[in-house]
Amino acid sequence: MNLFRSEEHLRRWASFDPASEDGIIALSDLGVLFSTESRRHLLDGDYLERWAGQRWPERREALARVGKAIPYWLPAGR
């Protein structure tokens, strides 16, 4: 993962590939993805039993909220 000051800086990067456009996501949007309820319990001893099944539904909902519910961010079959 590379972090850039802005999308403009990213697009001016010498190694920028326009085909990677779907992978661009704002830092604030990553905050939404990583603040779901199941992520808060990732280190709980009962995570697999209690929370793992909620992770993908929450992730899909968070991606929809930030406008990234697209194939790049959603693995096939999820």
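Everything quoted here is computed from the prediction, not taken from an experiment.

Colleague: Even after reading the chapter, I still don't get the overall build of the protein chain, so can you show me in this structure?
Modeller: Summing up its helical and strand segments, the protein chain has 5 helices and 0 strands in all. N-terminal to C-terminal, the α/β element order of the protein chain is α-α-α-α-α. Scaling as 2.2 N^0.38, a compact globule of 78 residues should have a C-alpha radius of gyration of about 12 Å, whereas the protein chain reaches 15 Å, well beyond that. Along the three orthogonal principal directions, the C-alpha set of the protein chain runs to about 45 × 25 × 20 Å. Counting the 78 residues in the protein chain, one finds 27% classified as buried. For the protein chain, long-range pairs separated by at least 24 residues make up 35% of all intrachain contacts whose partners lie at least 6 apart in sequence. For the protein chain, the distance from the average position of its 12 positive side-chain charges to the average position of its 12 negative side-chain charges is 2 Å.

Colleague: In this structure, what is going on with the packing of aromatic side chains? I would like to understand it.
Modeller: Here the structure, examined in full by the defined rule, presents 1 aromatic pair. On the numbers, 5.2 Å between centres and 70 degrees between planes, the contact of Tyr72 with Trp73 is edge-to-face. Taking the relative accessible area as the measure of exposure, Tyr72 reaches 52% and is therefore exposed. On the basis of relative accessible area, Trp73 is assigned to the buried category, the value being 15%.

Colleague: Sorry, what's going on with the pattern of salt bridges here?
Modeller: Close approach of charged atoms allows side chains of opposite charge to pair. Across all of its chains, the model carries 4 salt bridges by this definition. The salt bridge involving Arg11 is made with Glu21; its shortest N-O contact spans 2.2 Å. With Arg11 in helix α1 (residues 7-12) and Glu21 in the loop between α1 and α2 (27-33), this residue pair connects regions lying 10 residues apart in the sequence. Note on Arg11: relative accessible area 35%, which makes it partly exposed. The class for Glu21 is partly exposed, based on a relative accessible area of 31%. Linking Arg40 and Glu37 is a salt bridge whose minimum nitrogen-to-oxygen distance equals 2.9 Å. Separated by 3 residues within a single helix, Arg40 and Glu37 lie in helix α3 (residues 37-40), roughly one turn from each other. On the basis of relative accessible area, Arg40 is assigned to the exposed category, the value being 55%. A network of salt bridges, in which partner residues are shared, links Glu7, Arg11 and Glu21.

Cut-offs and rules
Residues numbered from 1 in each chain as written. Predicted model: local features only at pLDDT ≥ 70, side-chain atom pairs only at ≥ 80, totals over all residues. Heavy atoms only, no water. Helix = DSSP H or I, 4+ residues; strand = E, 2+ residues; numbered from the N terminus. Rg over C-alpha atoms; globule rule 2.2 N^0.38 Å. Buried < 20%, exposed > 50% of the residue type's maximum accessible area, 1.4 Å probe, protein only. Contact = heavy atoms within 4.5 Å. Lys, Arg positive; Asp, Glu negative; His and termini not counted. Charge placed at Lys NZ, Arg CZ, Asp CG, Glu CD. Phe/Tyr/Trp six-rings, centres within 6.5 Å; stacked < 30°, edge-to-face > 60°. Salt bridge = Lys/Arg side-chain N within 4 Å of Asp/Glu carboxyl O.

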